[in-house]
Amino acid sequence: MTATYQVHGDIAVITLENPPVNGLGHATRSAIVDGVQRALEDAAIRAIVLTGAGKGFSGGADIREFNTPKALQEPSLHTVIRVVESAGKPVVAAIHGLAMGGGLELALGCHYRVAVAGAQIALPEVKLGILPGAGGTQRLPRVLGLERALNMIVSGSPVLSEKLAGTRLFDQMIDGDLLQGALGFARGIADQRPLPKVRDLRVSLPNADGYLQFARNTVRAVAAQFPAPLKCVDAVAAAVSKPFDEGLHFERQLFLELVQTSESKALRHAFFAERAASKIPDVPGDTVLRPIRSAAVIGAGTMGGGIAMNFANAGIPVTMLETKQEALDKGLATIRKNYENSMKKGKLTQAQLDQRMGLIGSTLSYESIGSADIVIEAVFEDMAVKEAVFRKLDEVMKPGAILASNTSTLDVDKIAQFTRRPQDVIGTHFFSPANVMKLLEIVRGRQTANDVLATVMDLAKKIRKTGVVSGVCDGFIGNRMVEQYIRQAGFLLEEGCLPAQVDRAIEKFGFAMGPFRMSDLAGNDIGWYIRKRRYVEKPEVTYSRIADKLCEQGRFGQKTSAGWYDYKPGDRKARPSEAVNQMIIAHSAEIGVQRRQVSDEEIVERLVYALVNEGALIVEEGIALRASDIDMVYLTGYGFPLFRGGPMFYADTVGLPNVLMAIRRFAKGHHPEAWRPAPLLEKLATEGKTFN
Ligand code: T1G
């Protein structure tokens, strides 16, 4: 379906019908033009109402059409808006639910606009690395004024329709039934001439140039690697300085430039990747979910407390269980402090703080959590401890309760075997701080029931996490890949790099933090503990021993004021350590490696392609459902730069043959065993295909 045409007395009603968001794809655009022409040719019709079925008016242009011929196929959105605006009979946009992007631009081309309250009004294009490309930057300032329009366009954030009542955006707010209200409004203005056009309005602001210069400086400071926000300012500035048609042309030029940028393609990839991640091929979308009305968390430490906050934030009552009262008291105090910090930043009101704290209970007794719909254990990362907890949970939890483990590396299938209900067991791997990081790795055990998996995926959305399904393997998706990244970082030190050079190179690439600063922050002893286990379990996996030497000196990182870097007490600034650098140089000599100058480009390739190669194995083994899921893991959990779209998307943009060539080059160097090309990578590269 695309759009329907109905006649109500002497008013024609064109209804957009292109679920799920009435995207303005080519078919819908054609149907609108046909409908308007039909109404203009029918002498009995005095006015036209344009409205949307379902969720709302329209979510904008169909992003899936971008960079395809369909996006520009006539009638383009520009043409549709021109047909509407130049119509000889009044066209009234009737808005509910949402009017976003091209949807709002279409409404701005209408002669009148009416809306009910609660509709999300936005020009979110900047979030996709582009800008409103169908007149939004020229028309919105004409109805809302320069400042308000610029804020909406540069932020891309929605504003509720009622907040815009009384502006020239809406001619009337409708109470009650939107269609009836719109029909009544249309009859009232049917004979009014001339037909009002937004393009004929003027944008006026005293000292507009000064304001725009201020806007440019502000945007430049925060836009970082994204070109779109600054171009939004330039386009809106044209609404002030240029005649309408020139401004429209200028906007179009900027749009066409931005839509081709790699940043925009990365943002659009991330948009769809986030939505694809919640789709589980062998679990039907209509699987009946288990109700989650209450939760319990075992452990009130950093992770347990953070996990509990996620439930409270979503309005779900949660009980934390600990073995000692002082641990509970400490956990609750930490949560309260976190909320108070948010309140100080204006992100929370006192009432919300009280409401959320009121949702967090605490107990020392397993028996008191038996009625919870889901329980998540966040206890020490040791299988014996997990076993004791899950055997206890199996005893006390009601039938049908979901038993989840927050383990970051242990085998969820083994954990499930500690219960008589392995079908109810699942992994929910949160990332610290659990109340902040968006990523939630949802680990599907061999026996995890489909409805348990679907319920936890739905819960991820409810607690505002990006849920990504992972199969059971050591490290699941993120940590399994990061292990290869850390290995390469260590090898680079042996070959000639120092920590500061590696960190600087990868941070210039766009990572929030390089591997050595990150390790000092997290604690070098964590990796040390895992490597010591690995040396026994997987002797074939080689590591640089430099990190072990560091830990043997007690240099665990920030928490010991010394790690890869030196730290002054109370100061997080990482200062290169001469002692560590000398230890690294001595180590190379000790193992007989001739140190060499390593380029930043090689550092980035070694670190990123280590992720890509392991990611390819993870997809091939079915641990991840799709390559874009791996991108979501790295974008939301590991600080991979958003403007690069994630490791697998980035590899696609580099070209898989180039990635493979680099890996084959590395396989001739130091530690060739770490560079066995993944068969999937070789296959796709040979076939000229991509991961995504
Ligand atoms: N194009 C194509 N598909 C879209 C879409 C769009 N604009 N918006 C949503 N979808 C799909 C989405 O992928 C998912 O698909 C389903 O709809 C439900 O989405 C010229 C050029 C509208 C607030 O940026 O912000 O207009 O996974 O899960 O939570 O200036 O979708 O089910 O197959 O997000 O209720 C500008 C983007 C486009 C709005 C609804 N518009 N969309 O949120 O549902 S560029 C946007 C959203 C443009 C003009 C320019 C949200 C939503 P599937 P959902 P939701």
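Each chain has its residues counted from 1, running along the sequence as written. Since the coordinates come from a predicted model, pLDDT governs what is reported: local features require at least 70, and pairs of side-chain atoms require 80 or more to be given and counted, while whole-chain, interface and lining totals use all residues. Note that water and hydrogens are dropped before the side-chain values are worked out from all heavy atoms of the structure.

### Comments concerning the site of the ligand
In the vicinity of the ligand there are 26 residues, among which K55, G102, E105, E125 and R275 approach most closely. A distance of 2.5 Å separates an oxygen atom of the ligand from a polar atom in the side chain of E105. Protein contacts shield 76% of the accessible area of the ligand, which totals 990 Å² for the unbound molecule. Among the elements that take part in the shell around the ligand, helix α11 (residues 262-276) stands out by supplying three residues, more than any other. Basically, the charged four are Asp, Glu, Lys and Arg, the nonpolar ten are Ala, Val, Leu, Ile, Met, Phe, Trp, Tyr, Cys and Pro, and anything else, Gly included, counts as polar. Its residues placed into classes, the shell around the ligand shows 14 nonpolar, five polar and seven charged. Residues are counted as near a molecule or strand when any one of their heavy atoms sits within 4 Å of it. For the purposes of these results, a polar contact is taken to be a pair of N or O atoms within 3.5 Å, where, inside protein, one atom must be able to donate a hydrogen and its partner to accept one; residues adjacent in sequence count only when each atom of the pair is a side-chain atom. Values of accessible area rely on a 1.4 Å probe in the Shrake-Rupley scheme; residue burial ignores everything except the protein chains shown. Put simply, DSSP H or I for four residues or longer makes a helix, DSSP E for two residues or longer makes a strand, and each gets a number counted from the N terminus.

### So, the sheet that holds strand β4 (residues 91-95)
Sheet architecture is open: six strands sit in the order β1-β2-β3-β4-β6-β9, paired in mixed fashion. The outermost strands of the open sheet, each flanked by one partner alone, are β1 (3-8) and β9 (172-173). Of the pairings in the sheet, the one linking strand β3 (residues 47-52) to β4 comprises four bridges and is parallel in character. Paired with T51 across the strands is A94, a residue of β4. Whether two residues touch is decided by their heavy atoms; if any such pair falls within 4.5 Å, the residues are in contact. Angles here are taken between N-to-C directions and fall from 0 to 180 degrees, while the axes themselves are lines fitted to C-alpha atoms, restricted in helices to the stretch in contact. Lying over the sheet, helix α1 (residues 26-41) contacts β1, β2 (11-16) and β3, oriented at roughly 175 degrees with respect to β2. Strands are labelled as partners when DSSP assigns at least two bridges between them.

### Looking at the environment of S264
On the secondary structure map, S264 appears in helix α11. Expressed as a C-alpha distance, the spacing of S264 and G129, which sit 135 residues apart in the sequence, is 4.0 Å. With residues up to four places along the chain from it excluded, the contact list for S264 reads L128, G129, I130, L258 and V259. A distance of 2.7 Å separates the side chain of S264 from the backbone oxygen of L128, its partner in a polar contact.

### Section: the pairing of strand β16 (residues 439-443)
Of all five residues in β16, five are buried, a share of seventy percent or more. Accessibility here uses a 1.4 Å probe with only protein chains present; expressed as a share of the type maximum, an area under 20% marks a residue as buried, one over 50% as exposed, and anything in between as partly exposed. Of the two faces of β16, the one lined by L439, E441 and V443 and the one lined by L440 and I442 are each fully buried. Sheet topology places strand β15 (residues 425-430) next to β16; four bridges connect them, and they run antiparallel. In the strand pairing of β16, G427 is matched with V443. Where β16 lies against strand β17 (residues 466-470), five bridges are found, and the strand directions are parallel. Directly across from L440, in β17, lies its bridge partner G467.

### Quick notes on the side chain of R626
Inspection of the secondary structure assignment puts R626 in the loop between α24 (600-620) and α25 (627-637). A distance of 2.6 Å separates a polar atom in the side chain of R626 from the backbone oxygen of K279. If we ignore the near neighbours within four places in the chain, the residues touching R626 are A276, A277, K279, P281 and V619.

### Observations concerning unusual backbone geometry
For residues that are not glycine, phi is negative in most cases, and the peptide bond is trans in most cases. Following P19, the chain continues into P20 via a peptide bond in cis, with omega recorded as 10 degrees. Here P20 is to be found in the loop between β2 and α1. Of note, the bond from S432 into P433 is cis; its omega dihedral lies within 30 degrees of zero at -5 degrees. In this model, R464 sits at a positive phi of 60 degrees, which is unusual for a non-glycine residue. Along the chain, the position of R464 falls in the loop between α17 (450-462) and β17. The backbone of S561 shows a phi angle near 55 degrees, a positive value even though the residue is not glycine.

### Describing the packing of α1 against helix α3 (residues 77-85)
Contact geometry for α1 and α3: axes closest at 10 Å, N-to-C directions at 20 degrees. On the basis of the axis angle, α1 is roughly parallel to α3. Relative to α3, α1 is oriented so that their crossing is left-handed. Residues R29, I32, V33 and V36 of α1 pack against L77, V80, V83 and V84 of α3. Tallied by class, residues from the contact of α1 with α3 come to seven nonpolar, no polar and one charged. Roughly parallel here means an angle under 35 degrees, roughly antiparallel means over 145, roughly perpendicular means 65 to 115, and every remaining angle is called oblique. We call a crossing left-handed when the near helix sits turned anticlockwise from the far one by less than a right angle, and right-handed when that turn is clockwise.

### Looking at the sheet that holds strand β7 (residues 120-122)
Taken in spatial order, the three strands line up as β5-β7-β8 in an open sheet, and their pairing is mixed. Both edges of this open sheet fall to β5 (98-100) and β8 (159-160), since each of them pairs with a single strand only. Across two bridges, β7 lies against β8 in antiparallel orientation. By the bridge assignment for β8, Q120 is matched with L160.

### Concerning helix α21 (residues 524-537)
Helix span, expected: 1.5 Å multiplied by one less than the number of residues in the helix. Helix length check: α21, at 14 residues, gives a terminal C-alpha distance of 20 Å against a target of 20 Å (1.5 Å per residue), a fit within 8%. Along α21, the residues classified as buried are N524, W528, R531, R534 and Y535. Seen end-on, α21 carries its buried residues on one side only, within an arc spanning 125 degrees. Each element contacted by the buried residues of α21 is listed here: α18 (478-495), α20 (515-522) and α22 (546-552). Note that the arc is computed from the directions linking the helix axis to the C-beta atoms.

### Digging into the nonpolar core
With 73 residues, the main nonpolar core has L50, I95, L106, I121, L140 and L169 as its most contacted residues. Per-element accounting of this core gives the leading share, seven residues, to helix α9 (residues 228-241). Within this scheme, the nonpolar core is defined by two criteria: the residues are buried Ala, Val, Leu, Ile, Met, Phe, Trp, Tyr or Cys, and they are joined through side-chain atoms within 4.5 Å. Among the nonpolar cores identified, the runner-up in size contains 70 residues, and Y485, L550, I618 and L660 belong to it.

### Here we look at empty space enclosed by the protein
For cavity detection a 1 Å grid was placed over the protein atoms alone, and a set of points counts as a cavity when a 1.4 Å probe fits there but cannot get out; an open set counts as a pocket when protein lies on both sides within 12 Å along at least five of seven lines, with lining residues being those that have an atom within 4 Å of a point. Grid points are joined across faces, edges and corners, and a volume is the space filled by probe spheres set on the points. Tallying each qualifying case throughout the model produces one cavity of 30 Å³ or more. When its volume is computed, the largest cavity comes out at roughly 40 Å³. The wall of the largest cavity is formed by D413, A416, Q417, P422, V425, G445, R446, Q447 and T448.

### With respect to helix α7 (residues 178-189)
In this model α7 runs 16 Å from its N-terminal to its C-terminal C-alpha over 12 residues, within 8% of the 16 Å that 1.5 Å per residue would give. Turning to α7, its buried residues are L178, G181, A182, L183, F185, A186 and I189. As for α7, its buried residues are in contact with β1, β2, β3, β4, β6 (112-115) and β9. The opening residue of α7, the one whose side-chain oxygen lies 3.1 Å from the backbone nitrogen of L179, is D177.

### What to know about a nonpolar patch on the surface
Two joining distances apply to patches: 9 Å for like charges and 5 Å for nonpolar side chains (Val, Leu, Ile, Met, Phe, Trp, Tyr), and every residue must have over 30% relative accessible area and no salt bridge. Salt bridge, as used here, is a side-chain nitrogen of Lys or Arg placed within 4 Å of a carboxyl oxygen of Asp or Glu. A surface patch of nonpolar side chains, amounting to about 300 Å² of accessible area, comprises F380, V385 and Y529. With respect to the helices, strands and loops of the structure, V385 is situated in helix α15 (residues 383-396).

### Describing the pairing of strand β11 (residues 318-321)
The pairing of strand β10 (residues 295-298) with β11 spans four bridges and is classified as parallel. Directly across from A296, in β11, lies its bridge partner T319. Since β10 and β11 lie parallel, the crossover through helix α12 (residues 302-313) that links them has a hand, and here it is right-handed. Note: β11 against strand β12 (residues 360-363), four bridges, orientation parallel. Paired with V318 across the bridge in β12 is I360. Viewed with both strands pointing away, a crossover whose connecting path from the first strand over the helix to the second turns clockwise is right-handed.

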